[in-house]
Amino acid sequence: MSFDSKKFRNALSRLAPGVPVVPGVTDDAAPGGIPVGVTANAFTSVSLEPPLVLVCLDNDTGCLGAFTEGTHFAINILDESQRNLSDMFAGPQEHKFKDQSFDTWDSGCPILPGCLANLECRRTEVYEGGDHVILLGRVELIGLADQGRPLLYYRSAYARLGDD
Ligand SMILES: Cc1cc2nc3c(=O)[nH]c(=O)nc-3n(C[C@H](O)[C@H](O)[C@H](O)COP(=O)(O)O)c2cc1C
């Protein structure tokens, strides 16, 4: 029986993950690295002790080298009010940090304000995963919002908790 790729994508779209923006920095071992980032909801927790997470990035991602060669990446879990950030970080790289303010912690990876949670991760491994790479990161720093509601992505569209 031939594999139905469209049905596969459709099945995966029935999971409703939150939406993280995942930034890194080019040449993060040297001063003056350039911030880059992608919207990537192929993200999950892996381990509590040690604290590990993973994110999957398409092999064609323009800024992939910043993640596979950089020492750190960040995870910014978007609030439902931040859909514009998801769209921006899914678009052309040159626009992503043009007018976007951000903080930095120890690594220099952009930490976006107003998110539900922010994680700074040390990249520990890079695995091949078909047409994606799997970045494994050890969480070193955590920021948490006191309130907010998650931006979700369900059946190829943005959604919010409680939407029909
Ligand atoms: C809701 C949403 C989720 C996405 N999830 C992923 C993902 O998990 N992995 C990925 O590689 N790209 C994902 N993308 C697409 C990337 O954000 C987009 O291709 C990005 O611009 C690639 O960066 P580049 O401009 O450096 O190539 C997602 C886009 C959206 C809108």
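Residues numbered from 1 in each chain as written. Predicted model: local features only at pLDDT ≥ 70, side-chain atom pairs only at ≥ 80, totals over all residues. Heavy atoms only, no water.

**Quick word on the site of the ligand**
Here comes step 1: By nearness alone, 18 residues border the ligand, and T39, A42, D58, G62 and Q93 come closest of all.
Here comes step 2: Separating an oxygen atom of the ligand from a backbone N or O atom of T39 is a distance of 2.7 Å.
Here comes step 3: Here an oxygen atom of the ligand sits 3.4 Å away from a polar atom, N or O, in the main chain of G91.
Here comes step 4: Relative to its unbound accessible surface of 640 Å², the ligand loses 77% to contact with the protein.
Here comes step 5: The element that contributes the greatest number of residues to the shell around the ligand is strand β4 (residues 52-58), accounting for three residues. (Near = heavy atom within 4 Å. Polar contact = N/O pair within 3.5 Å; in protein donor to acceptor, adjacent residues only side chain to side chain. Areas by Shrake-Rupley, 256 points an atom, 1.4 Å probe, with all protein chains shown as cover. Helix = DSSP H or I, 4+ residues; strand = E, 2+ residues; numbered from the N terminus.)

**Things to note about the sheet that holds strand β3 (residues 43-47)**
Here comes step 1: Taken together, seven strands build an open sheet; the order of strands is β2-β1-β5-β8-β9-β4-β3 and the sheet is antiparallel. Each edge of the sheet is formed by a strand with only one pairing partner; in this case those strands are β2 (35-39) and β3. Neighbour-to-neighbour, the strand axes of this sheet turn through a mean angle of 35°, independent of strand direction.
Here comes step 2: Relative to strand β5 (residues 72-77), strand β1 (residues 20-25) is paired through two bridges, and the arrangement is antiparallel. Across the sheet, the residue bridging to V21 is N76, located in β5. (Pairing = 2+ DSSP bridges. Axes fitted to C-alpha atoms, helices over the stretch in contact; angles between N-to-C directions.)

**Some words on a nonpolar patch on the surface**
Here comes step 1: The grouping of F3, F8 and L12 at the surface amounts to a nonpolar patch, some 350 Å² of accessible area in total.
Here comes step 2: Its location among the elements puts F3 in the segment before α1 (5-12). (Patch = residues over 30% accessible without salt bridge, like charges linked within 9 Å, V, L, I, M, F, W, Y side chains within 5 Å. Salt bridge = Lys/Arg side-chain N within 4 Å of Asp/Glu carboxyl O.)

**Here's the deal with the packing of aromatic side chains**
Here comes step 1: Scanning all chains against the criterion turns up four aromatic pairs.
Here comes step 2: Relative to F8, the ring of F3 has its centre 5.6 Å away and its plane inclined at 65°; by these criteria the two rings are edge-to-face.
Here comes step 3: Judged by its relative accessible area of 43%, F8 falls in the partly exposed class.
Here comes step 4: Ring geometry for F97 and F102: centres 5.2 Å apart, planes at 70°, overall edge-to-face.
Here comes step 5: Note on F97: relative accessible area 14%, which makes it buried.
Here comes step 6: Taken together through their ring pairs, the aromatic side chains of F89, F97 and F102 make up a single cluster. (Phe/Tyr/Trp six-rings, centres within 6.5 Å; stacked < 30°, edge-to-face > 60°. Buried < 20%, exposed > 50% of the residue type's maximum accessible area, 1.4 Å probe, protein only.)

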